[in-house]
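Structural features, examined
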Amino acid sequence: SREPESGTMAVEGGMKCVKFLLFFFNFIFWVCGLALIVIGIMVQVGLHQTLRIKDASALGAPIVIIVVGVVIFFIAFFGCCGAWKESNCMVTTFAVLLTLIIIVEIAAAIAGYVFKDKAKTILTDGFHDMIQKYNSSQDAMKAMDGIQEDFKCCGAMNATDWDSVIGGNSVPDSCCKNVTKSCGKGALTTDRIYKDGCVNIIEKWVKKNLLIAGRVGRSVTLREVLGVIFACLLMKSIRSGYEVM
């Protein structure tokens, strides 16, 4: 009679361990979700608010990253409650939602890979458009000046892109290493300005942030798969009527 009792206690102990593991992994999901939100916002702000890119596909990857991060953040809290209260309905819902999130993350990874190959073309078109509108649009002027000052660059591919727009061997003051009024006048061939184009610099910045997001995403996905497994084990335990506490 002791063997069945011992077996039951072992199962109960195992399910108790699963319960706390599920709770722990949900806490990790919560933190990872917050990390994805922060990274996604960084990339989104850099692309949308600063570059004013017209191609909607360029914004797809960071938007998906942000959405996934927000959803993971709230689902993790939901999963913690389900595990702690041993609610079969909540744990089941958590497992289903987490599986859907894994599918969305795979789609986000594909979108990020596609965007990585299109980044230079999109950036080049966006910069040339802003340079051509520099003298006629206040928005283009502010955006371009802000980019050149923040990223320490000048022009699209290089500083000579300004020659056909401003002329007089001059560049915008925002190209200067030490920005002062009229510092860009006649400075195209001097060492007073940054010579590297903004396209290559920002392309590297975008790829770096997407790479970080990809690494975080892979780490999160692995933990999510474990979370689904633990959730299924806990659901089986609850349905079987084991007392895990």
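Conventions we followed
- Residues numbered from 1 in each chain as written.
- Predicted model: local features only at pLDDT ≥ 70, side-chain atom pairs only at ≥ 80, totals over all residues.
- Heavy atoms only, no water.
- UniProt positions renumbered as here; feature names shortened; annotations may be inferred.
- Phe/Tyr/Trp six-rings, centres within 6.5 Å; stacked < 30°, edge-to-face > 60°.
- Helix = DSSP H or I, 4+ residues; strand = E, 2+ residues; numbered from the N terminus.
- Buried < 20%, exposed > 50% of the residue type's maximum accessible area, 1.4 Å probe, protein only.
- Disulfide = S-S within 2.5 Å.

The chain is annotated in an unreviewed UniProt entry as Tetraspanin from Lepisosteus oculatus. Here the chain is described in UniProt, under the heading Sequence similarities (unreviewed entry), as follows: "Belongs to the tetraspanin (TM4SF) family."

Evaluated as defined, the whole model comprises two aromatic pairs. Both rings, one in Y134 and one in W162, keep their centres 4.8 Å apart while their planes meet at 70°; by these two values the pair is edge-to-face. In this pair, Y134 sits in the loop between α3 (88-132) and α4 (138-151) while W162 sits in the loop between α4 and α5 (198-240), placing the two residues 28 residues apart along the sequence. Exposure remark for Y134: the relative accessible area of 8% places this residue in the buried category. When the ring of F151 is compared with that of W205, the centres are 5.7 Å apart and the planes differ by 80°; the resulting orientation is edge-to-face. Here W205 lies in helix α5 and F151 lies in helix α4, a separation of 54 residues in the sequence. Residue W205 is classed as partly exposed on the basis of its relative accessible area, which comes to 23%.

With that settled, the discussion passes to the state of the cysteines. Summed over the entire model, instances satisfying the criterion amount to three disulfides. For C153, the disulfide goes to C198, at an S-S distance of 2.0 Å. Every disulfide takes its handedness from the sign of the S-S torsion; for C153 and C198 that torsion is 90°, giving right-handed. Of this pair, C153 sits in the loop between α4 and α5 while C198 sits in helix α5, placing them 45 residues apart in sequence. Accessibility assignment for this pair places C153 and C198 in one class, buried. With its sulfur 2.3 Å from that of its partner, C176 forms a disulfide with C183. Across the disulfide from C176 to C183, rotation about the S-S bond amounts to roughly 115°, and the bridge is consequently right-handed. Indicated for the chain is the disulfide connectivity 1-6, 2-3, 4-5, based on numbering the bonded cysteines in sequence order.

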